[in-house]
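# Fold and geometry: a report
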Amino acid sequence: MNLNATLFLQLVVFLILGGFTMKFVWPPIVKALDERAKKIADGLNAAEKAKSDLALADRKAVEELRKAREKGVEIRANAERQAGEKVEEARAEAARIVAQAREAALAEASLAAQQARDALRDQVAQLAVAGAEKILRREINPQVHADLLANLKQELQ
Amino acid sequence: MATEHAETGPSAGDYIVHHLTHLNNLGKKQPDVIDWSIVNYDTLFYSVGLGLLTVFLLWLAARKATSGVPGRFQGCVEMLVEMVADQAKGIIHSAESRRFVAPLALTVFVWIFLMNAMDLLPVDLLPTLWQQATHDPHAPMRVVPTADLSATLGMSIGVLLLCLYYNVKIKGVAGWAHELFTAPFGAHPALWPVNFLMQIIEFLAKTISHGMRLFGNMYAGELVFMLIALMGGAWAVSTSGVLLAIGHVLAGTVWAIFHILIILLQAFIFMMLTLVYIGQAHEGH
């Protein structure tokens, strides 16, 4: 246990080493540490923000989906209703056309029957007149008995 | 930690004394307790060498320091820096002073740890190599700079000078002089001499205990390693020698493992006291 001049030299070395560290070691390391701390904080913030954004987007997506589904339902209901209307219309139209056709056919048929009946009546009348003429050639004057014949024709109708 | 060979020639006393003799410019053991004309080459060599290693390692980490993902080495240095920075922040409240004091504390911690760690090398390894290199079987060499009182007091006086500097810087010459005479007992003129005496005693006690604490721990540790080495060395000349060899291995292992704690603790204590003393210089009484 002795004291000697080593003491002063050690003192100088001590201060020089401290000075070196202050100048060349401490600042870059502390700077890097601060920067990294900032980076990590930024990263955490970004993650937090992304998380809330994601939650927001999720909520929005669900909302949109719900709206789309509602709209789909509405459109389908409309379409069904319209289709129903169209079918109803078509059915009514078809019924109308059929009824019309039947009516026309009936009218035509009755007209034809009427004509046939008229023709038949004419012929019967003529035949009757011809027969009567042959029988009563001299006695019947067509002009005189025209009224009579017309009456007969009328009765046959 | 272990001795390579049994020294059968010199006595145990000679062995110890030889291992406690510095390699100095005198060429033999320093005769007086205090002699300012003598320089211990071994202490200076190892302390400067380890000091350069310290700042080189720290500089290596600082050079590649980025805010990206750190490697293991950089992470290790950053942990040290953060530890010291946190301690400094808690003790010294002036950011301006911390710019020098915190790096100093970091260097002191790593440097003293490395100097202390020289104790874990086998006690005879480096001295024997030195003796063979110089072809002088009695060439002295001590490898633990912190087991040299001159070195530890040199550093603690460095801390004292910083304390005086910051006292003047923070409080001004007048403010500090006022404090020297009025604290701790009061401003009454009759108390001035007592106050001043107490202040001087405080500075002396702080500085001497600061250096002595580290020196004492390391000196004692070194001595115990020497005694363990002696025990192992005596196995060849004793009938129960094998037991001594086993004792050497056991005791050497236990003491070395315990000493890992001591060297780290003493380095940490020296650093913390450096911060505390300089922090005290910033506070008025």
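See above for the structure.
Now for a quick tour of the structure. Quick caveat, the model's predicted, so the values are computed rather than measured.

## Some words on the overall build of chain B
Along the backbone of chain B there are 8 helices and 1 strand. In chain B, the succession of α and β elements from N to C terminus is α-β-α-α-α-α-α-α-α. Dimensions along the principal axes, computed over C-alpha positions, put chain B at roughly 70 × 60 × 35 Å. Counting across all 285 residues of chain B, residues that qualify as buried make up 47%. Contacts spanning at least 24 positions in sequence make up 72% of the contacts within chain B whose residues lie at least 6 apart. As displayed, chain B has an accessible area near 13500 Å², and 73% of this comes from carbon and sulfur atoms.

## Focus on the packing of helix H1 (residues 6-135) of chain A against helix H6 (residues 149-182) of chain B
Taken N-terminus to C-terminus, the directions of H1 of chain A and H6 of chain B make an angle of 55°; their axes are 7 Å apart at the nearest point. By the criterion of interaxial angle, the relationship of H1 of chain A to H6 of chain B is oblique. Between H1 of chain A and H6 of chain B lies a crossing whose hand is right-handed. On H6 of chain B, the residues touching Thr6, Leu7, Gln10, Leu11, Phe14 and Leu15 of chain A of H1 of chain A are Ser150, Ala151, Leu153, Gly154, Met155, Ile157, Gly158, Val159, Leu161 and Leu162 of chain B. Of the residues in the contact of H1 of chain A with H6 of chain B, the class split is 11 nonpolar, 5 polar and no charged.

## Points about the interface of chain A and chain B
Accessible area lost when the parts come together is the quantity often used to give the size of an interface. In this assembly, 31 residues from chain A lie in contact with 56 residues from chain B. The largest share of the area that chain A buries against chain B comes from Leu3, Phe14 and Trp26 of chain A, three residues that together contribute 20% of it. In this structure, the connection of chain A to chain B is made through 1 salt bridge. Note that Arg36 of chain A and Glu78 of chain B form a salt bridge whose closest N and O atoms lie 2.8 Å from each other. Taken together, the connections running from chain A to chain B amount to 16 residue pairs in polar contact (both at pLDDT 80 or more). Going through the elements one at a time, strand E1 (3-4) and H1 of chain A are the ones with two or more residues in the side of chain A that touches chain B.

## Details of the nonpolar core
If you look at the biggest cluster of nonpolar residues, it comprises 58 residues, and the most contacted ones within it are Ile29 of chain A together with Leu106, Trp111, Ile112, Met155, Leu275 and Ile278 of chain B. Elements with a minimum of two residues in this core: H1 of chain A together with helix H2 (41-63), helix H3 (72-91), helix H4 (95-117), H6, helix H7 (192-233) and helix H8 (241-281) of chain B. The greatest single-element share of this core, amounting to 13 residues, is contributed by H4 of chain B. If you look at the next biggest cluster of nonpolar residues, it comprises 8 residues, including Tyr15, Ile16, Leu20 and Val123 of chain B.

## A few points about the environment of Leu227 of chain B
Within the secondary structure, Leu227 of chain B is located in helix H7. In the structure, Leu227 of chain B is positioned 87 residues away from Pro140 of chain B in sequence and 18 Å away in space, judged by C-alpha atoms.

## Here's the deal with the packing of aromatic side chains
This model, assessed by the stated rule, comprises 12 aromatic pairs over all chains. Between the aromatic rings of Phe8 of chain A and Trp36 of chain B, the centroid separation amounts to 5.2 Å while the plane-to-plane angle is 50°, which identifies the pairing as tilted. One end of the pair, Phe8 of chain A, is in helix H1; the other, Trp36 of chain B, is in the loop between strand E1 (34-35) and H2, on a second chain. Owing to a relative accessible area of 43%, Phe8 of chain A belongs among the partly exposed residues under this scheme. Here Trp36 of chain B falls in the partly exposed class, since its relative accessible area comes to 45%. Consider the rings of Trp176 of chain B and Phe203 of chain B, whose centres lie 6.4 Å apart with planes at 80°: the pair is edge-to-face. Residue Trp176 of chain B is found in helix H6, and its partner Phe203 of chain B is found in helix H7; the two are separated by 27 residues along the sequence. Each member of the pair, Trp176 of chain B together with Phe203 of chain B, is buried. Joined through ring pairs, the aromatic side chains of Phe181, Trp192 and Phe196 of chain B make up one cluster. When the ring centre of Trp59 of chain B is taken as reference, the NZ or CZ atom of Arg63 of chain B above it lies at 5.2 Å.

## Focus: the pattern of salt bridges
Scanning the model with the defined rule gives 14 salt bridges over all chains in all. A salt bridge links Arg66 of chain A to Glu63 of chain A; the nearest nitrogen and oxygen atoms lie 3.0 Å apart. Here Arg66 of chain A and its partner Glu63 of chain A are both found in helix H1, 3 residues apart, which amounts to about one turn of the helix. Between Glu202 of chain B and Lys206 of chain B there is a salt bridge; the shortest N-O distance is 3.5 Å. You can see Glu202 of chain B and its partner Lys206 of chain B sitting in helix H7, 4 residues apart, about one turn around the helix. The class for Lys206 of chain B is buried, based on a relative accessible area of 12%. What emerges from the salt-bridge pattern is a single network uniting Glu63, Arg66 and Glu70 of chain A.

Criteria and cut-off values
- The numbering scheme is per chain: residues are counted from 1 as the chain's sequence reads.
- For naming, the first written chain is A and the first written ligand is 1, with later ones following in the order written.
- Owing to the predicted nature of the model, reporting of local features is limited to residues with pLDDT of at least 70; listing and counting of side-chain atom pairs is limited to 80 or more, with chain, interface and lining totals taken over all residues.
- With hydrogens and water stripped out, all remaining heavy atoms of the structure feed into the side-chain values.
- Segments assigned H or I by DSSP are reported as helices when at least four residues long, segments assigned E as strands when at least two residues long, and all are numbered from the N terminus.
- To sort residues, take the accessible area from a 1.4 Å probe on protein chains only and compare it with the maximum for the residue type: under 20% means buried, over 50% means exposed, and anything in between is partly exposed.
- Contacts are assigned to residue pairs that have any heavy atoms within 4.5 Å of one another.
- Where accessible areas are quoted, they stem from the Shrake-Rupley method and a 1.4 Å probe; at the residue level, only the protein chains shown are allowed to cover.
- To obtain each axis, a line is fitted to C-alpha atoms, and for helices this fit is confined to the stretch in contact; angles are then taken between N-to-C directions over 0 to 180 degrees.
- Angle categories are assigned with fixed cut-offs, so that under 35 degrees is roughly parallel, over 145 is roughly antiparallel, 65 to 115 is roughly perpendicular, and the rest are oblique.
- Put simply, a crossing is left-handed when the front helix is turned counterclockwise from the back one by less than a right angle, and right-handed when it is turned clockwise.
- Put simply, Ala, Val, Leu, Ile, Met, Phe, Trp, Tyr, Cys and Pro go in the nonpolar bin, Asp, Glu, Lys and Arg in the charged bin, and everything else, Gly too, in the polar bin.
- A quick way to say it: buried area is the sum, across both parts, of accessible area lost when two parts are put together, with a 1.4 Å probe.
- Here, a salt bridge means any Lys or Arg side-chain nitrogen found within 4 Å of an Asp or Glu carboxyl oxygen.
- Between N or O atoms, a polar contact is any pair within 3.5 Å; within protein, one atom must be a potential hydrogen donor and the other a potential acceptor, and residues adjacent in sequence are included only when both atoms are from side chains.
- Here, nonpolar core means buried Ala, Val, Leu, Ile, Met, Phe, Trp, Tyr and Cys residues that are tied together by side-chain atoms lying within 4.5 Å of each other.
- The pairing test for Phe, Tyr and Trp rings, Trp by its six-membered ring, is centres within 6.5 Å, and the orientation test on the planes gives stacked under 30 degrees, edge-to-face over 60, and tilted for anything in between.
- A positively charged side chain is recorded as over a ring if its NZ (Lys) or CZ (Arg) lies within 6 Å of the ring centre. The angle to the ring normal must also be within 35 degrees.

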